[in-house]
Amino acid sequence: MHLYGTAEINKSGHLEIGGKDTIELVEKYGTPLYVYDVALIRKRARAFKQTFEKLGIKAQVAYASKAFSTIAMLQLIKEEGLSLDVVSGGELFTALKADFPVEKIHFHGNNKSEDELVMALEHRVGCIVVDNFHELHMLHHLCQERQQVVNILIRVTPGIEAHTHDYILTGQEDSKFGFDLQNGQAETALQLAVESKFLNVLGLHCHIGSQIFETTGFILAAKKILEKMAEWQTSLGFTPKVLNLGGGFGIRYTDEDTPLDPAHYVEEMIQEVRKATTRLSLPMPEIWIEPGRSLVADAGTTLYSIGSSKEVPNIRKYVAVDGGMTDNLRPALYDAKYEAILANRANEEPKDLVSIAGKCCESGDMLIWDLSLPDVGTNDILAVFCTGAYGYSMANNYNRIPRPPVVFVENGHDQLVVQRETYEDLLRLDLPFTEKTQHTS
Ligand SMILES: Cc1ncc(COP(=O)(O)O)c(C=O)c1O
Ligand SMILES: N[C@@H](CCCC[NH3+])C(=O)O
């Protein structure tokens, strides 16, 4: 059994996180329930920041809030002094409600609407990461109308095939994101941006993918971009000050995963950037990164109640929980693997090989295939580890299932930071079908 952060098994044989007995949390808040180990989030945030500080590098560590965006989470990130990456008006709105310092917000997205750009300009976000020509023109015109100058990064696709699931690859040539580095699009975009007196180009951005376990991809991407920067120093007479190498640092979900230490990713990247800038006679840029998963994934645990089970003789035993693809879409979407234990009988030896099913009307709604557990029965509590990133943030209401609440735990204290959705909440936006609608349509 691999325990993360402050998790331990207490004297009652219960899983404890942040000094709180998870079975007591279940009694208080019900299931399904997301529990976040705040101390572990702080530890990860500090590890990234301190590595840059130790290396004496000017840097920004921006939390990619798509991984888990709620007011409390962003307040925690603010407390830890990180910057913030948002990718939509909704994420920006959450950041504003969390009173996040606007100058530390970076606004991403491959199809930002005019309204979203205006929102970003009105609130004077720290920078906008421009993704395509449509956005570049729109942003220039909006700034011209408003007579406002905005800081931007240009997002480039360096043509790197990182080793990860196809759906979470983003730095390859055939991608919906960014300006291609090889075919001249990135240079054209940079030239247009530099010529605009309303766009202040801070630098370049790339993100090669997610859940990456090696530094090769990041290093290759950085080298390719720096080589182009050296060319552009001559052709455009412009040298960006910032190099944003994105997020994507992998974490351990199961034994199969072999992530590096956060510090390791950063140290190797910096070493290579230093070498390349010296070789290419470029000034050392400010390095920005955007970790999402690696800051929050292993700090999150989902607690479920076990309900029904079904034995298929000589094949398998299905054990169903009171959640599933509605609170964790990743197994269905990416075939993602998770580990889990019985939170109420954490010391007991595994006896059963079972497969954990969700409660949605969908055969693909399986959370874990072939998991070893003690002889599991109704009302046992299953704790699925590492659900802190892209769990709550990709949760949905399929089958009209309300989303679970979120609890933060730290030093023996628990705090509800997102309430459980109710059936009433689900109907909040529904309007009745009226006779008038029928006649006029
Ligand atoms: C542009 C960008 N930055 C940062 C991230 C965060 O990635 P991760 O959660 O893998 O660190 C993503 C998601 O993959 C992304 O698309
Ligand atoms: N949602 C993905 C990763 C995010 C991709 C963002 N560019 C996952 O759960 O792994």
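All chains use their own residue numbering, which begins from 1 and follows the written sequence. Key to labels: chains lettered from A, ligands numbered from 1, both in the order written. The model is predicted, so local features are restricted to residues of pLDDT at least 70 and side-chain atom pairs to those at 80 or more, both for listing and for counting; the totals for chains, interfaces and linings are taken over all residues. To obtain the side-chain values, all non-hydrogen atoms of the structure were used and water was disregarded.

S.K.: Please set out the packing of aromatic side chains residue by residue, giving values where relevant.
M.R.: To pair, rings of Phe, Tyr and Trp, with the six-membered ring standing in for Trp, must have centres within 6.5 Å; the planes then decide the type, stacked if under 30 degrees apart, edge-to-face if over 60, and tilted in the middle. With the rule as written, the count across this model stands at twelve aromatic pairs. When the ring of Phe133 is compared with that of Phe179, the centres are 4.9 Å apart and the planes differ by 75 degrees; the resulting orientation is edge-to-face. Here Phe179 lies in strand E10 (residues 179-180) and Phe133 lies in helix H6 (residues 133-146), a separation of 46 residues in the sequence. Relative accessible area serves as the criterion here: at 27%, Phe133 is assigned to the partly exposed category. Overall, Phe179 belongs to the buried group, its relative accessible area being 1%. Among the aromatic residues, those joined into a cluster by ring pairs are Tyr34, Tyr36, Phe68, Tyr392 and Phe408. Lys112 extends its terminal NZ or CZ atom over the ring of Phe107, reaching a point 5.9 Å from the ring centre. Where helices and strands are cited, they refer to DSSP runs of H or I of at least four residues and of E of at least two residues respectively, numbered from the N terminus. The buried label goes to any residue with under 20% of its type's maximum accessible area, the exposed label to any with over 50%, and the partly exposed label to all in between, with areas taken from a 1.4 Å probe on protein chains only. Here, a charge over a ring means that NZ of Lys or CZ of Arg falls within 6 Å of the ring centre while also lying within 35 degrees of the ring normal.

S.K.: Explain the UniProt feature "modified residue: N6-(pyridoxal phosphate)lysine" (unreviewed entry) in the chain to me, and be specific about the residues and the numbers.
M.R.: As recorded in UniProt, the sites labelled "modified residue: N6-(pyridoxal phosphate)lysine" (unreviewed entry) are Lys66. Following the sequence through the fold, Lys66 ends up in the loop between strand E5 (59-64) and helix H3 (71-79). Residue class for Lys66 comes out partly exposed when judged on its relative accessible area of 30%. When near neighbours in sequence (up to four residues on either side) are disregarded, Lys66 contacts Asp85, Val87, Glu91, Tyr390 and Ser393. UniProt positions are given in the numbering used here, feature names are shortened, and annotations may be inferred rather than shown by experiment. In what follows, a contact means two residues having at least one pair of non-hydrogen atoms within 4.5 Å.

S.K.: Outline the sheet that holds strand E1 (residues 8-9), listing residues and values.
M.R.: DSSP calls a pair of strands paired once it identifies at least 2 bridges connecting them. Taken in spatial order, the three strands make up an open sheet running E1-E2-E3, and their pairing is antiparallel. The open sheet has two edge strands, E1 and strand E3 (20-21), and neither has a second partner. For strand E2 (residues 15-17) and E3, the ladder comprises two bridges, and the chain directions are antiparallel. Residue pairing across strands places Glu16 opposite Asp21, the latter belonging to E3.

S.K.: Explain the packing of helix H4 (residues 89-97) against helix H5 (residues 114-122) residue by residue, including any values.
M.R.: To obtain each axis, a line is fitted to C-alpha atoms, and for helices this fit is confined to the stretch in contact; angles are then taken between N-to-C directions over 0 to 180 degrees. Two elements in contact, H4 and H5, have axes separated by 10 Å at closest approach and are oriented at 25 degrees. By the angle class used here, H4 and H5 are roughly parallel. In this structure, H4 crosses over H5, and the sense of that crossing is left-handed. Facing H4, whose interface residues are Gly89, Leu92, Phe93 and Leu96, H5 presents Glu116, Met119 and Ala120. Residue composition of the contact of H4 with H5, grouped by class: five nonpolar, one polar and one charged. Roughly parallel covers angles under 35 degrees, roughly antiparallel covers those over 145, roughly perpendicular covers 65 to 115, and oblique covers all other angles. Working rule for handedness: look at the near helix, and if it is turned counterclockwise from the far one by less than a right angle, call the crossing left-handed; if clockwise, right-handed. Gly counts as polar in this scheme, as do all residues outside two lists: the nonpolar Ala, Val, Leu, Ile, Met, Phe, Trp, Tyr, Cys and Pro, and the charged Asp, Glu, Lys and Arg.

S.K.: Can you tell me about the layout of surface pockets, naming the residues and giving the values?
M.R.: In this structure, the second largest pocket spans a volume of roughly 430 Å³. Lining the second largest pocket are 24 residues, and of these Thr254, Tyr338, Glu339, Ile368 and Leu371 lie nearest its centre. Those elements that provide at least two residues to the lining of the second largest pocket are helix H11 (330-334), strand E16 (340-342) and strand E18 (366-373). The leading source of residues in the lining of the second largest pocket is E18, at seven residues. The class makeup of the residues in the lining of the second largest pocket is 13 nonpolar, four polar and seven charged. Only protein atoms enter the calculation, which uses a 1 Å grid: trapped sets of points that fit a 1.4 Å probe without letting it out are cavities, open sets showing protein on both sides within 12 Å along at least five of seven lines are pockets, and any residue with an atom within 4 Å of a point is a lining residue. Grid points are joined across faces, edges and corners, and a volume is the space filled by probe spheres set on the points.

S.K.: Mind laying out the site of ligand 1, listing which residues take part and the relevant values?
M.R.: When we say a residue is near a molecule or strand, we mean one of its heavy atoms is within 4 Å of it. Every one of the 15 residues lining ligand 1 counts as a neighbour, but His207, Ser210, Glu290, Arg293 and Tyr390 are closest to it. Whenever two N or O atoms come within 3.5 Å, that pair is a polar contact, provided that in protein one can donate a hydrogen and the other can accept it, and provided that, for residues adjacent in sequence, both atoms are side-chain atoms. Here an oxygen atom of ligand 1 and a backbone polar atom of Arg293 are 2.7 Å apart. Contact distances for ligand 1 include 2.6 Å between an oxygen atom and a side-chain N or O atom of Tyr390. Notes on ligand 1: free accessible area 400 Å², of which the protein chains cover 93%. Taken together, the residues of the shell around ligand 1 break down into three nonpolar, seven polar and five charged. Note on areas: Shrake-Rupley, 1.4 Å probe, and residue coverage restricted to the protein chains presented here.

S.K.: I'd love a proper account of the pairing of strand E21 (residues 413-418), names of residues and values included.
M.R.: Summarising the sheet, strand E20 (residues 406-410) and E21 pair through five bridges and their orientation is antiparallel. Pairing of Val406 across the sheet is with Val418, part of E21. Hairpin geometry of E20 and E21 is characterised by an intervening segment of two residues between the two adjacent antiparallel strands and by a positive phi of about 50 degrees at Asn411.

S.K.: Describe helix H2 (residues 38-55), listing the residues and the values that go with them.
M.R.: Here the expected length of a helix is defined as 1.5 Å per residue gap, with one fewer gap than residues. Compared with the 26 Å implied by 1.5 Å per residue over 18 residues, the 26 Å span of H2 between its first and last C-alpha is a close match. When H2 is considered as a whole, its buried residues turn out to be Val38, Leu40, Ile41, Arg42, Arg44, Ala45, Phe48, Thr51 and Phe52. Positive phi shows up at Gly56, right after H2, with a value of about 70 degrees.

S.K.: Give me the lowdown on the side chain of Thr70, citing residues and values where you can.
M.R.: For Thr70, the position within the fold is in the loop between E5 and H3. Classification of Thr70 as buried rests on a relative accessible area of 7%. For Thr70, the residues in contact, after removing those within four places along its chain, are Thr94, Tyr392 and Val418.

S.K.: I'd like a description of helix H8 (residues 216-235), backed by residues and values.
M.R.: The end-to-end C-alpha distance of H8, which contains 20 residues, comes to 28 Å, matching closely the 28 Å that a straight helix rising 1.5 Å per residue would cover. Listed in full, the buried residues belonging to H8 are Gly217, Phe218, Ile219, Ala221, Ala222, Ile225, Leu226, Lys228, Met229, Ala230 and Trp232. In this fold, the buried residues of H8 make contact with strand E9 (150-157), helix H7 (185-195), strand E11 (199-205), strand E12 (242-244) and helix H9 (262-280). Where H8 ends, the next residue or the one after it, Gly237, has phi of about 65 degrees, a positive value.

S.K.: Give a detailed account of the confidence of the model for the chain, specifying residues and quantitative values.
M.R.: Every residue carries a pLDDT, the predictor's confidence in it, which falls somewhere between 0 and 100. Per-residue pLDDT for the chain has a mean of 95; in total, 96% of the residues score no lower than 70. Interface predicted TM-score (ipTM) for the complex: 0.98; the corresponding pTM is 0.96.

S.K.: Account for the environment of Thr31, with residues named and values stated.
M.R.: Topologically, Thr31 is positioned in the loop between helix H1 (22-29) and strand E4 (33-37). Relative accessible area serves as the criterion here: at 17%, Thr31 is assigned to the buried category. Through-space distance from the C-alpha of Thr31 to that of Tyr304 is 5.2 Å; in sequence the pair is 273 residues apart. Residues within four places of Thr31 in sequence aside, it is in contact with Val26, Leu303, Tyr304, Ser305, Asp322, Ile381 and Arg420. In terms of polar contacts, Thr31 uses its side chain to reach the side chain of Ser305, at 2.6 Å. One polar contact links Thr31 to Asp322, side chain to side chain, over a distance of 2.6 Å.

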